[in-house]
Structures are given as structure tokens and as C-alpha cells.
Amino acid sequence: KQNIMIAKMKWLLPALCFAFFQTANSQTKDAAYMEKHRPQIHFSPKKGWMNDPNGMVFFNGKYHLFFQHNPDSTVWGPMHWGHAVSTDLVHWEELPIALYPDALGTIFSGSAVIDKDNTAGFGANAMVAIYTSHSHAMEKEGFEKVETQSIAYSLDEGITWTKYKGNPVLPNPGIRDFRDPKVAWYEPTKKWIMTLATMDHITFYSSPDLKNWTEESKFGKNIGAHGGVWECPDIFPLNHEGKQVWVLIVNINPGGPNGGSATQYFTGNFDGHVFTPDDTETKWLDYGPDDYAGITWSNTGDRKIFIGWMSNWAYANIVPTVNWRSANTIARELAIEKTGDKYLVSSAPVKELDILKATSYNAKNVKAKNINITAKAGKLNGPAILKLTADELKAFNITLSNNAGEKVVLGYDKTANQYFIDRSQSGKVDFAKDFGNKIIAPRFSANKNTDITLVIDVASVEVFADKGLSVLTAIFFPTSDYTDITISSKDGFVIKTLNLSHLNSAWK
């Protein structure tokens, strides 16, 4: 019996040790996501620095999110590709780093595709990353050709990667800013199309095999906003009442509508060679200061899902977080709306966000004179979604506040016909000169009625107004979490329907 007991213990001890390690590791993971200002419904890395989302691709039921990552510091530095996956765009599992710097340089932004027809010869359904290699060594020597385009492939769904021996696949033609390739298959010509940021414009390239690239055309040198360098482009079609409308996204830094980084876009037509815009008006996907470098997932069919970096280069390196810096916006579904004779891109929170809903409060025909919603619906204890509709839009304020008197005020200014966010009293604001500036967005809808959705996290708010035609994203850093939501109006604003849904944390 004693021998049997010893044998059992020899088997049981390793299992117990493994279980203890798993439990300890789980507790450590949970603790990391309970840090001050840590987003509860947005992806952020466990530690270190993050900026642009990269290589977003959907495959075998998983959304892959790669991202610009400095694992050894909370400020920008040697860029790697971090990696996370999700089955629902809400719960994320961070995986080991996918791509490390090499002899060609650090790993700047790019995209990923599924090569289902094995055009590159790496294998059917290979996951292929297309990224910018940035040589800091050449940069220090004063060379201009510091950025080239490279590829890598994975045959195990992004877990391990092999860099192509023939890199770079697209050498630098002699310009400094030559980066951020977004690649997609264009069926009519049976070729891959690369949309590349080249200084102050976009250059389109085509390839039959992801290895050999031919320049097709250029766009934008004298069109759009040019307050800063063009970065992180994307091009894709959206359907509007049976018509295909192409959307070209171009991120720009600085030069946004509210200062610093922002995402502009153009609508028009693309024939595999040339992009022809509908008009030359500058349009912005998000008027808030904290949605940048966003692009869409590939391999998602007709559904176009967008995600951005939820920060701004004006202060990204100095925001008051400790062990990590930066998060992503929530995933958003893009669509085309027509207002007058112009096509506009609308954004809406993905429906998967409803997975996190806990308790909800509903009301109808609320006179928004001065009403504390959380007094009726329960105090905020983390993230929430506030939705309201009205038959007639009038001036109003929605205030998020805490017991310390800190607050974020957002709403609608009827005289100026603008939505706004005021974070001047939101908590810590003195780390950056213009952080407390008022943020505004024009109202594009001509309808008398409105619908407004607020996605609230412990350190951010995302506003989607008029079916997402006017969007504002802003981060903030209160000394303690906001607990109250108050709605006020001097103009007799009547809310037809109101819903406040408390959300569970995606990390707990």
C-alpha cells in the first residue's frame, strides 16, 4: 500500500504543480488587467508599448490582430509585431511575439492575407504577412532609402513565421517615407494589390505572387489633407443599394481635424489600376483625437471590420499609465451612407460587443432637463453602453463624473450644428499641452431625428451619432473611475428611448 501511495504521489505532484502554475499564471494575468486606467473592453498588451494595429486577418474562426510592439519599454522603440487572437472581437488572447527585428531592420506596419490558391508557393492557405522593414542603422548614416517592403509566411495559423529569403520584395525607389503596405486580392485582374503610403501620397502596386511587384498608379499628391505624412492606408469596396463604392483610407500625422493624428478617407472607384475619387473634399472617419492608424480585417467577406490605435502621437509616449501604453479602439463595422449627393462612411460598434452585457436600464420619453441616469440604473462600475434616440435633436450635455469632481462632458451644440467632447476637467490633463482642448465634429445628417451611442470604458469614450456618420473617440485619465452619468438640456430635449447597459469586463 505504501508503494502504491508513493507511486500515486509521484504521478500527482507534477499535476498539482502544473495546476498551481496555471492558477498563478491566470491570477497574474487578471491582475495585469486590473491596473489603473486599464481598458476593460478594449485590447491592450499585458506590458510594454503598442501602436498601429497590423496584419489583421480572419481565418478558421479566429480574428488575428498583430500590432506594433516594443516589449521592453512603455515608449516607442524597436518595433516587433505583437500578436493576439479572438473568436468574437471582444475577448482577446495575447500570443507570443510574431515577428522580430532582423538584418533588414525593425518590423514596421503592414498587413496579412490568406493565400488560399498558393500564389506565392509557400503552401495553400498560408498566412502571409507583408510589412515594412525599417533600417535604423541606415537612418543613422543619413540614408534616405531606409524603408523597404518584406514578407513572411506561417503554415500554423500565425504561431510560427518564416521570413522570405528574397526580402525585400519591394526595394525603396529613393524616398524616405515608403511604408505600411495593405494588400488585398483583386479578383478581376487575378492579382494582389498593394496600397502603400509614399511620403505625401499613395502608390498602388500589383503582383501575381506577393513577391514581384509592379507600380500601377499614384494618388493624392494634391488632394486631401496634407498637414503631415501619409501613413497606414487601406482600400476596399462597400455596397450601397446595389452600387459598389470604393473607400480609400489614409492616416495622417499630424494634421487631423482636432490636432495631431487622424484618419481621412476618400470615396470613389478603383479598377485595379487607378483610384478615381468622387470628390476632393477632405473627410474624416473619426473626429476625435484618439483613433489613428486604423485599417480593416482581411478575409471577412462583405463585412468590413475596422480597428484603430486609441491614442495620438501628440502625447502617446507620455500618457499616465505605468506598465503598458496604449489600447485599440473597439472593433467597428463600416458602411456607406449617402447624404445629399455625397457618399460618407459610417461606423458602428460590432454587434459582438453585446456579449458583455450584464444589466440594462430602459426608459422612454425622458425629458432631459437634468437627470442622473445612474441614480436610476445603478452607478458605473466599469464599462457601459449608453444608447438614446430622439424625434428631434436639440442641444444637450452628457456628463461622466466621479466623486472627485472630475468629468468629461459631451453633447450637441445646436447653434454650431456640432457634436463635441470636453475633457478639460477629466482628471490628469497637464501631461500634454493641448490635451484639454475641446473636441468637435460636424453633424452630417440632415434628419430631424437622431440616434446616439456611447461606448464607455474606464479611460475612454467613443461616440457614434446619426448611425455613425459623426464619430468621436477620446481617452482620459481620471484619478478615480467615473461613476455617474448625467444628461441635461436647456432646450427641452426629449429622449424617445434610452438604454444603459452595464458591461462585464472582457478580461475577468
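Residues numbered from 1 in each chain as written. Predicted model: local features only at pLDDT ≥ 70, side-chain atom pairs only at ≥ 80, totals over all residues. Heavy atoms only, no water.

Asker: Looking at this model, I keep getting lost on the sheet that holds strand β5 (residues 106-115). Mind explaining?
Answerer: Whether parallel or antiparallel, the strands of a sheet pair through hydrogen bonds between backbone atoms. Read from one edge of the open sheet, four strands run β5-β6-β7-β8, paired in antiparallel fashion. Looking at the sheet topology across the chains shown, the edges are occupied by β5 and β8 (162-163). In terms of strand pairing, β5 meets strand β6 (residues 126-134) through eight bridges, oriented antiparallel. Along β6, the bridge assignment pairs G110 with Y131. (Pairing = 2+ DSSP bridges. Helix = DSSP H or I, 4+ residues; strand = E, 2+ residues; numbered from the N terminus.)

Asker: Got a minute to help me understand unusual backbone geometry in this structure?
Answerer: Glycine aside, negative phi is the norm for most residues, and most peptide bonds take the trans geometry. The omega angle of the peptide bond from N167 to P168 is 0°, so this bond is cis rather than trans. When you line up the elements, P168 lands in the loop between β8 and β9 (178-186). A cis amide bond, omega -15°, links N253 with the succeeding residue P254. Tracing the backbone shows P254 in the loop between β14 (243-253) and β15 (262-270). Its identity as a non-glycine residue notwithstanding, D466 has a phi of 55°, on the positive side.

Asker: Teacher, can you tell me more about the sheet that holds strand β4 (residues 93-99) here?
Answerer: One open sheet holds the five strands; their spatial order is β4-β3-β2-β1-β20, and the pairing between them is mixed. Both outer strands of the open sheet, β4 and β20 (324-325), are each paired with one neighbouring strand and no more. Examined bridge by bridge, strand β3 (residues 80-86) and β4 share four bridges and lie antiparallel to one another. The residue bridging H83 from the neighbouring strand is L95, located in β4.

Asker: Mind showing me how you'd approach the pattern of salt bridges here?
Answerer: Between side chains of opposite charge, a pair can form as their charged atoms come close. Counted under the stated rule, the structure contains 26 salt bridges. With a closest N to O distance of 3.8 Å, K46 and E94 form a salt bridge. On the criterion of sequence distance, the pair formed by K46 in the loop between α1 (2-32) and β1 (48-59) and E94 in strand β4 is long-range, its members being 48 residues apart. Residue E187 pairs with K190 through a salt bridge whose shortest N-O separation is 2.0 Å. Among the residues examined, E187 registers a relative accessible area of 41% and is labelled partly exposed. On the basis of relative accessibility, which here comes to 49%, the residue K190 falls in the partly exposed class. Via salt bridges that share partners, E147, D177, R179, D180 and E231 belong to a single interconnected network. (Salt bridge = Lys/Arg side-chain N within 4 Å of Asp/Glu carboxyl O. Buried < 20%, exposed > 50% of the residue type's maximum accessible area, 1.4 Å probe, protein only.)

Asker: Before we go on, may I ask you to explain the side chain of S261 in this structure?
Answerer: Within the element layout of this structure, S261 appears in the loop between β14 and β15. You can call S261 buried: its relative accessible area is 1%. Only 2.8 Å separates the side chain of S261 from the side chain of N253, close enough to count as a polar contact. Apart from residues no more than four positions distant in its own chain, S261 is found in contact with I252, N253, P289, Y292, N312 and W313. (Polar contact = N/O pair within 3.5 Å; in protein donor to acceptor, adjacent residues only side chain to side chain. Contact = heavy atoms within 4.5 Å.)

Asker: Explain the side chain of T148 here, please?
Answerer: Among the structural elements, T148 can be located in strand β7 (residues 147-154). Relative accessible area serves as the criterion here: at 13%, T148 is assigned to the buried category. Among residues more than four places away in sequence, those in contact with T148 are Y131, T132, S133, P168, L170, P171, N172 and F178.

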